[in-house]
Amino acid sequence: MADYGTVKQALADALDASTNLTVVYTQVPDVYTTPCAVLVPGDNPATYHGAMAGQGFTTFEFKIQIMLQRFDLDAAATALDVFVHGPDSVDALIRADRTLGGVAADAVVDRCSNIGQVLAGDDVFLGAEFDTRVMVQP
């Protein structure tokens, strides 16, 4: 079974295939270089014993935050669109290899939520969150 850190890195590697991201952070940074993706633990970071009579998968939940500078709001909004749907979207990047290089049994982007202004530290970015689940076998 892959540990939590290995799962985060595999998810970051999948997102790093984007031609529209400068950096993918596996931890919330002090200073952001944009455009970036940040892996944030989801509302339920880990759920144990899923399926197979309690002997099954561990599910890790993440909120993948995409953050862009908002100097030119129209340009930033257009740049954000590519992450929501299309060949370089967060969903497409994960679907390209739902096993994340063999680390996971399955990885799924469930929804895009919270498109708009994101406060991070002392800065305000334009961003979106993508609720993502990664299932690993015991």
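Preceding this section is the structure that the text describes.
Residues numbered from 1 in each chain as written. Predicted model: local features only at pLDDT ≥ 70, side-chain atom pairs only at ≥ 80, totals over all residues. Heavy atoms only, no water.

Student: Which residues make up helix α2 (residues 73-84), and what values go with them?
Tutor: The periodicity of an α-helix, 3.6 residues per turn, causes residues three or four positions apart to be oriented the same way. In this model α2 runs 17 Å from its N-terminal to its C-terminal C-alpha over 12 residues, within 8% of the 16 Å that 1.5 Å per residue would give. Here α2 has its buried residues at Ala-76, Leu-80 and Phe-83. Down the axis of α2, the smallest arc covering the buried residues is 40°, so these residues share one side. Exposed residues lying more than 90 degrees from the buried face of α2 are Asp-74 and Thr-78. If you follow the buried residues of α2, they end up packed against β3 (57-68), α3 (90-95), β4 (106-120) and β5 (123-136). (Helix = DSSP H or I, 4+ residues; strand = E, 2+ residues; numbered from the N terminus. Expected span 1.5 Å × (residues − 1). Buried < 20%, exposed > 50% of the residue type's maximum accessible area, 1.4 Å probe, protein only. Arc of directions from axis to C-beta. Contact = heavy atoms within 4.5 Å.)

Student: Pulling in residues and values, what's your account of the pairing of β4?
Tutor: Both β4 and β5 contribute to a ladder of 12 bridges, which runs antiparallel. Bridge pairing in β5 places Val-118 opposite Phe-125. Between β4 and β5, which pair antiparallel one after the other, the connecting turn spans two residues, and Gly-121 there sits at a positive phi close to 65°. (Pairing = 2+ DSSP bridges.)

Student: Describe the pairing of β5, listing the residues and the values that go with them.
Tutor: Along β5, 11 of the 14 residues are buried, which leaves the element largely enclosed by surrounding structure. Judged from the 11 bridges that link them, β3 and β5 form a sheet pairing that is antiparallel. Residue pairing across strands places Phe-60 opposite Val-134, the latter belonging to β5.

From the geometry alone we can't say anything about function, so treat these as descriptive.
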